[in-house]
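Analysis of the macromolecular model
Letter by letter, the chains look like this.
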Amino acid sequence: MTLAESIAERLFQEIIDGRLTPSRPLPPEGELAGSYGVSRLTIREAIRILRTQNVVRIRRGRGTEVNPPEEWTSLEAVVRASATPSKNLGLVPERLLEARRMIEIGAVQLAAERRSEDDLVQLGVQLKEMRAASADGDVTRFVDADIRFHDVIMHASGNVFVPLLFGPFGPLLIEARRQTSAVPEIQRNAIEEHAKIISALTAGDSEMARLAMEAHMRQTQRDLRQHVLDGPE
């Protein structure tokens, strides 16, 4: 990572954290250079990097402003910002879940028709790992197996575009799962629903697979609301 890329990353983090807000100008180049201990040229290059993602824009007479997220052209930037809900950005975590549902349900229906025997074996391996991790109280192992389970389905869809569409969600899925999967009840629910997904894929029944994934997504939404957005009662 170059120095300019590092500064762009730090500026982006300030946007996520709410220290730099949409439709308000960033501090002048000289002030930013002093704050970060770099040259104005480096600041200029860092801002150019953010401009390529349309995260910021230059307005004549006003300087550089942060664009609202709906104008950003980088899916990765939007996903990263969604991982840290911020009122000043107006991002709603459940909107990401809606997008994820569209991809996952479509993928599992294709996978029901195109999965190989090896895909089924790999799904079984990940489910077994989830069970073992849950029994050991190892949340990190549980989350890793959960993510790999869904990754197998993406590739089993037989459509090269599907894993690419799903890829940017990875970091957010890991963080969200870490927050929810620490709850034993949620682990049990996830294990049960993943088993149903495997049954549908084994049967090669796309409708059964759709219903199983929809049920899993509904459970994920309940977990998000109860344990992440609202917190424990």
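Residues numbered from 1 in each chain as written. Predicted model: local features only at pLDDT ≥ 70, side-chain atom pairs only at ≥ 80, totals over all residues. Heavy atoms only, no water.

The name given to the protein chain in an unreviewed UniProt entry is FadR/GntR family transcriptional regulator, and the organism recorded there is Nonomuraea marmarensis.

**Here's the deal with the overall build of the protein chain**
In plain terms, the rule: Going along the chain from the N terminus, every DSSP run of H or I of four or more residues is numbered as a helix, and every run of E of two or more is numbered as a strand. The classification of residues rests on relative accessible area computed with a 1.4 Å probe and restricted to protein chains. Under 20% of the type maximum is buried, over 50% is exposed, and intermediate values are partly exposed. Pairs of residues are marked as contacts when any of their non-hydrogen atoms sit within 4.5 Å.
For the protein chain, the helix and strand inventory stands at 11 helices and 2 strands. When its helices and strands are written in sequence order, the protein chain yields α-α-α-β-β-α-α-α-α-α-α-α-α. Within the protein chain, the proportion of its 233 residues that are buried is 43%. For the protein chain, the share of sequence-separated contacts (at least 6 apart) that also reach a separation of at least 24 residues comes to 68%.

**With respect to the packing of helix α1 (residues 3-17) against helix α4 (residues 75-82)**
Short version of the rule: Think of each axis as a best-fit line through the C-alpha atoms, taken over the contacting stretch in the case of a helix, with angles from 0 to 180 degrees between the N-to-C directions. Angle categories are assigned with fixed cut-offs, so that under 35 degrees is roughly parallel, over 145 is roughly antiparallel, 65 to 115 is roughly perpendicular, and the rest are oblique. What makes a crossing left-handed is the near helix being turned counterclockwise from the far one by less than a right angle; a clockwise turn instead makes it right-handed. When residue character is reported, Ala, Val, Leu, Ile, Met, Phe, Trp, Tyr, Cys and Pro are called nonpolar, Asp, Glu, Lys and Arg charged, and the others, Gly included, polar.
Viewed as axis vectors pointing N to C, α1 and α4 meet at an angle of 50°, and their least axial separation amounts to 10 Å. When the interaxial angle is binned, α1 and α4 end up oblique. Note on packing geometry: the crossing formed by α1 with α4 is right-handed. Where α1 abuts α4, its residues E9, F12, Q13 and I16 lie against A77, R80 and A81. The residue makeup of the contact of α1 with α4, split by class, is 4 nonpolar, 1 polar and 2 charged.

**Thoughts on the pairing of strand β1 (residues 56-59)**
So the rule is basically this: What makes two strands pair is DSSP finding at least two bridges between them.
Of the pairings in the sheet, the one linking β1 to strand β2 (residues 63-66) comprises 4 bridges and is antiparallel in character. Bridge pairing in β2 places V56 opposite V66. Counting the residues in the hairpin turn of β1 and β2 gives 3 residues, including G61, whose phi is positive at 85°.

**Some thoughts on the nonpolar core**
Definition in use: Residue types Ala, Val, Leu, Ile, Met, Phe, Trp, Tyr and Cys, when buried and joined through side-chain atoms within 4.5 Å, form a set referred to as a nonpolar core.
One finds V108, L123, I153, M154, I197, L201 and M213 to be the most contacted residues of the largest nonpolar core, which totals 35 residues. Put simply, the parts of the chain that give this core at least two residues each are α5 (93-114), α6 (117-136), α7 (139-156), α8 (161-166), α10 (184-203) and α11 (206-229). Ranked by the residues each element gives to this core, the list is headed by α5, at 8 residues. When residues no more than four places from it in sequence are discounted, the contact partners of V108 are I153, I197, L201, A209, R210 and M213. In this structure, L20, I47, L50 and V66 belong to the second largest nonpolar core, which totals 24 residues.

**Remarks on unusual backbone geometry**
The phi angle at N54 is positive, at roughly 60°, despite the residue not being glycine. Looking at the element boundaries, N54 is found in the loop between α3 (40-52) and β1.

**What about a nonpolar patch on the surface?**
Spelled out, the test is: Note on patches: the residues involved have over 30% relative accessible area and no salt bridge, like charges join within 9 Å, and the nonpolar side chains Val, Leu, Ile, Met, Phe, Trp and Tyr join within 5 Å. Only the protein chains shown count as cover for residues, and the accessible areas themselves come from Shrake-Rupley with a 1.4 Å probe. When a carboxyl oxygen of Asp or Glu lies within 4 Å of a side-chain nitrogen of Lys or Arg, that pair is called a salt bridge.
A contiguous nonpolar surface patch, about 470 Å² in accessible area, is contributed by V160, F161, L164 and L165. Among the structural elements, F161 can be located in helix α8. For F161, a relative accessible area of 59% translates into the label exposed.

**Digging into the side chain of N67**
We apply this condition: Within 3.5 Å is the distance limit for a polar contact, defined as a pair of N or O atoms, with the added protein rule that one can donate a hydrogen and the other accept it, and that residues adjacent in sequence qualify only through two side-chain atoms.
Its place among the elements puts N67 in the loop between β2 and α4. Polar side-chain contacts of N67 include one of 2.9 Å to the backbone oxygen of N54. Beyond its immediate sequence surroundings of up to four residues, N67 is in contact with P22, N54, V55, V56, R57 and W72.

**Considering the pattern of salt bridges**
Summed over the entire model, instances satisfying the criterion amount to 14 salt bridges. R19 serves as the salt-bridge partner of D17, at 3.2 Å between the closest nitrogen and oxygen. By relative accessible area, R19 is classed as exposed at 54%. Taking the shortest distance from any N to any O, the salt bridge between R141 and E129 comes out at 2.9 Å. In this pair, R141 sits in helix α7 while E129 sits in helix α6, placing the two residues 12 residues apart along the sequence. A relative accessible area of 25% means that E129 is categorised as partly exposed.

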